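These are the residues of each chain, in order.
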Amino acid sequence: MTTTALSDLPAGLTSRPLQESDACAVYQVMAADQVDQLGYAEIEEADIVGDWGRPSFDVAASTMGVFDGDQLVGYAEVTAADRGDAAVHPDYRGRGIGTALAHWMQVRARETGQSVIGMPVPEGSHGDRLLEALGYRVRWTSWVLKLPAGVDIAERSLPDGYIVRAATADEYPACHDVIEDAFLEWSVREREKYEDFHASVVGRPGFEPWNLRVVTDETGSVVGCGLVNLAETEDDRPAEAFISRLAVRRDQRNRGLAQVLLVDAFAVAREHGAAVSGLSTDSRTGALALYEKVGMVTTDVWVNRAKDL
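Because the structure is a prediction, the values reported are computed rather than measured.

Asker: Would you mind going over the overall build of the protein in detail, with residue names and values included?
Answerer: Across its full length, the protein holds 9 helices and 12 strands. Taking 19 Å as the expected radius of gyration for a compact globule of 309 residues, we find that the protein reaches 20 Å, a close match to that expectation. The C-alpha extent of the protein, read off along each of the three principal axes, is 65 × 40 × 35 Å. In the protein, which comprises 309 residues, the share counted as buried stands at 49%. Residue pairs at least 24 apart in sequence account for 72% of intrachain contacts in the protein once pairs closer than 6 positions are excluded. Just so you have it, the protein exposes about 14100 Å², and 49% of that area is on carbon and sulfur atoms. Across the protein, 29 positive and 49 negative side-chain charges occur, with their mean positions spaced 5 Å apart.

Asker: Talk me through the pairing of strand 9 (residues 222-231); I want residue IDs and the actual numbers.
Answerer: Counting buried positions along strand 9 yields 9 of 10 residues, so the element is predominantly enclosed. With 5 bridges connecting them, strand 8 (residues 212-216) and strand 9 associate as antiparallel partners. Each bridged residue has a counterpart across the sheet, and for Leu 212 the counterpart in strand 9 is Leu 227. Inspection of the sheet shows strand 9 paired to strand 10 (residues 240-248) by 8 bridges, in the antiparallel sense. Note on strand 10: the bridge partner recorded for Gly 226 is Leu 246.

Asker: Give me the nonpolar core: which residues, what numbers.
Answerer: In terms of nonpolar packing, the biggest core is built from 26 residues, with Val 228, Ile 243, Leu 262, Phe 266, Leu 279, Tyr 291 and Met 296 touching the most fellow members. Broken down by secondary-structure element, the contributors of at least two residues to this core are strand 6 (137-147), strand 9, strand 10 and helix 8 (257-271). Considering each element in turn, this core owes the most residues, 9 residues, to helix 8. Membership of the second largest hydrophobic core comes to 23 residues, among which are Leu 6, Val 66, Ala 100 and Ala 102.

Asker: Residues and numbers for the side chain of Thr 79, please.
Answerer: Mapped onto the secondary structure, Thr 79 falls in strand 3 (residues 71-80). Thr 79 sits in the buried class, given a relative accessible area of 17%. Apart from the residues within four sequence positions on either side, Thr 79 is in contact with Arg 54, Phe 57, Gly 84 and Asp 85.

About the cut-offs
- Per chain, the residues get numbers from 1 upward, laid out in the order the sequence is written.
- Owing to the predicted nature of the model, reporting of local features is limited to residues with pLDDT of at least 70; listing and counting of side-chain atom pairs is limited to 80 or more, with chain, interface and lining totals taken over all residues.
- Each side-chain value is worked out from all heavy atoms of the structure, with water and hydrogens disregarded.
- Here a strand is any run of E in DSSP of at least two residues, a helix any run of H or I of at least four, and the numbering for each starts at the N terminus.
- Taken over C-alpha atoms, the radius of gyration is set against a globule rule of 2.2 Å times the number of residues to the power 0.38.
- Exposure is judged per residue with a 1.4 Å probe applied to protein chains only, and the accessible area is read against the type maximum: over 50% gives exposed, under 20% gives buried, and values in between give partly exposed.
- Here a residue-residue contact requires only that any non-hydrogen atoms of the pair lie within 4.5 Å.
- Here the accessible surface of atoms and residues is derived via Shrake-Rupley with a 1.4 Å probe, and residues count as covered only by protein chains that are part of the display.
- Neither His nor the chain termini are counted; the positive set is Lys and Arg, and the negative set is Asp and Glu.
- Here the site of a charge means NZ on Lys, CZ on Arg, CG on Asp, or CD on Glu.
- Strands pair, by our definition, only if DSSP identifies at least two bridges between them.
- In this description, a nonpolar core means a group of buried Ala, Val, Leu, Ile, Met, Phe, Trp, Tyr and Cys residues linked to one another through side-chain atoms lying within 4.5 Å.

That is the geometry; function is a separate question.
What follows is the structure, given as structure tokens:
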């Protein structure tokens, strides 16, 4: 496995595989990169801790960090299948760190049997331009949308016998099934194991039962699910919520259930102090119009760039 140090770094910098205790340092690098490119940070340390806590994820084998002394200044990971993430601290750009990490990601992806590797970057950003120069193509476009503070939350009604509420612990496996069945209709990857879902959702630091929302039908079966997390902010921005997953069972669509889940997520997030609610969607799903119908507006555009191996 590719756990050895990178050989093509500037003098004075070192590299090594990361470990779980590096999660905070990774967050700091990613947050600094996002603040520089977007004006604010969308990532939370809890996101990294939750993802790295998945039983299937081998942190040491799947990550690489670049250091200036003891300070982490760049990192990359191959998270699953053909997807990865990387960031370089703004103070260290233009020194070849991003190129070295991109090459490491390609090697790691080949080791795991992948024929392509990609990652999301803000459109027009430093990362976008670097990957384009390295021969990465755009696979799909993603939009970050938000329901602005103060916007009225439109009411949506449910069919008779249907209920929207927080999921109970014994419904978590059903939530996983609804989400995976829906996402695998358009994404090309292996099915996520329930243990990974539980670790990254329920095991995510700060998880509370109200975060996982469900719609049940007249039999009590889970037919729709949404996951909403309250984001911690470190600047003067008001608290925000992020809806990271939203899905409705195929045979229950066209009944307005997705819109019900959305407005329920908005309302419960406001009850817990969020002034703004956001989510992301991409061009593979065809769901952009759904979110615009409930008053959300696009704030940022990302592209997923990939390279065939």
